[in-house]
Amino acid sequence: MAPSIAQTPTAEVVVPVKAAPGATETKARVRRIIDEEGGNTTASYPNYLPVYDYGEKYPPLEPFTPVDHGKDADPSFKDLLTEGSKIQKLTPTTGSEVTGVQLSKLTAAGKDQLALLVAQRKVVAFRDQDLADLPIQEALDFGGYFGRHHIHPTSGAPEGYPEIHLVYRNNNAWEYDEYLATKNSSVSWHSDVTYEQQPPGTTFLYVLDSPEVGGDTAFVNQVEAYNQLSPALKERLHGLKAVHSGFEQAEFSLKRGGVDRREPVKTEHPLIRTHPVTGEKALFVNGGFTRSIVGLKKEESDALLGFLLAHVGRGIDYQARIRWAPKTVVVWDNRVTAHSAIIDWTTGERRHLARITPQAERPYETPYVPEEGESKA
């Protein structure tokens, strides 16, 4: 099994679970979605239905040395894009779709090339995959090649496999309706768990159930977001750091009767991040977890951060939209992208996905160097 975090002993606790509207408040140490569906579910993959164990507690994450598998990969992709495969760009700069490749069958060389391709294209959708049909441990073993598994502090997981992060909404997910009632759209650009000292790199999300139409995921290319900035602003942003916080996520989970399996943290990361494989510089801020810019007054921080987040959100020329279909696996590089689920269906259909989230290096930046012909004027 790929490296994971050992569970620490905790005292037996009974935690209140918020009940759905009209239901009575219950108390449980373990909440299972399949029980809430009466034990007879229509989910295509019942073994992936969320379980929330209120007794699970994990220690703080310790630093580790990751391996950048894309660094020495063959750029011809001969072990990844073999005969019979097809790759098509979704947009000129961002996103590709691949058919004719089975990810679970890749050799080590093919996995290295996968890491390189995803770093270059930022997000790649692979169709007709068997990852969801494998035993969960085999799927984790595959993902563990790319880094240490991150265990999410607040999400549900398949029973016995806390390394799997589940994205789940069905007709009874009333808490999402409460959330959307205060917003004009469901857009919520974020990069996963950037409050960690070593946030994720090459990340895998595979579909289990999805609406016939709707529930797509949008991705934004943070390298192109950086490239679109003026030379003067690029230079000014270099050297600045931002605070990324997980406290709000933990608070939101606890308020709605959820779990919090690890003490929340705040971490300072550079505003501009360098990718260790491509050498590209990327804007490293996101609306989900970036709270302030270090060293600036609140008004200054709010104004600059607000501009940068708006710049990312309106960058339609460096965004791509992935439509989910059965047996799709989407692979993206969390270091240089942000993404948002699109909650646009009202039919009550289940949207159920599983994420494998290997951690990468601690974000770092390299000095600003103007491009050839680039002027600060």
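Placed above this text is the structure.
Counting starts from 1 at the beginning of each chain's written sequence and moves along it residue by residue. Since the coordinates come from a predicted model, pLDDT governs what is reported: local features require at least 70, and pairs of side-chain atoms require 80 or more to be given and counted, while whole-chain, interface and lining totals use all residues. Note that water and hydrogens are dropped before the side-chain values are worked out from all heavy atoms of the structure.

### Digging into helix α7 (residues 247–255)
Working step 1: For α7, the full list of buried residues reads Gln249, Ala250 and Ser253. Each buried residue of α7 sits inside an arc of 100° when the element is viewed along its axis, so together they form one side.
Working step 2: Trailing α7 by a residue or two, Gly257 shows a phi angle of about 80°, which is positive. Relative accessibility under 20% of the residue-type maximum defines a buried residue, over 50% an exposed one, and the middle range a partly exposed one, all with a 1.4 Å probe and only protein chains included. Going along the chain from the N terminus, every DSSP run of H or I of four or more residues is numbered as a helix, and every run of E of two or more is numbered as a strand. The directions from the helix axis to the C-beta atoms are what the arc is built from.

### Digging into the environment of Pro60
Working step 1: Along the chain, Pro60 turns up in the loop between β4 (51–53) and β5 (86–89).
Working step 2: Given the relative accessible area of 60%, Pro60 is considered exposed.
Working step 3: Sequence separation of Pro60 and Arg262 is 202 residues, and the distance between their C-alpha atoms is 6.8 Å.

### Quick word on the sheet that holds β5
Working step 1: Read from one edge to the other, the open sheet built from seven strands follows the order β5-β6-β7-β17-β9-β19-β8, with strand pairing classed as mixed. The sheet is open, and its two edges are formed by β5 and β8 (165–169), each paired on a single side. On average, each strand axis in the sheet is inclined to that of its neighbour by 20°, with strand direction left out of account.
Working step 2: The rule for pairing is simple: two strands pair if DSSP sees at least two bridges between them. Bridging between β5 and strand β6 (residues 96–99) involves four bridges; their strand directions are antiparallel. Paired with Gln88 across the two strands is Glu97, which belongs to β6.
Working step 3: Two residues form a contact once any of their heavy atoms are found within 4.5 Å. Inter-axis angles, ranging from 0 to 180 degrees, are taken between N-to-C directions of lines fitted to C-alpha atoms, where helices are fitted over the stretch in contact. This element, helix α2 (residues 108–121), spans β5, β6, β7 (123–126), β9 (202–209) and β17 (329–333) of the sheet and lies at about 125° to β7.

### Focus: the environment of Pro370
Working step 1: Counting through the fold element by element, Pro370 comes out in the segment after β19 (351–356).
Working step 2: With 138 residues separating them in the primary sequence, Pro370 and Ala232 have C-alpha atoms 9.6 Å apart.

### Overview of unusual backbone geometry
Residues other than glycine predominantly adopt negative phi, and peptide bonds predominantly adopt the trans conformation.
Working step 1: Within the chain, Lys122 stands out as a residue other than glycine whose phi angle is a positive 80°.
Working step 2: Its place among the elements puts Lys122 in the loop between α2 and β7.
Working step 3: The buried category is assigned to Lys122, whose relative accessible area is 2%.
Working step 4: Although it is not a glycine, Asp128 sits at a positive phi angle of roughly 60°.
Working step 5: Assignment of secondary structure puts Asp128 in the loop between β7 and α3 (136–144).
Working step 6: Taking relative accessible area as the criterion, Asp128 reaches 55% and is therefore assigned exposed.

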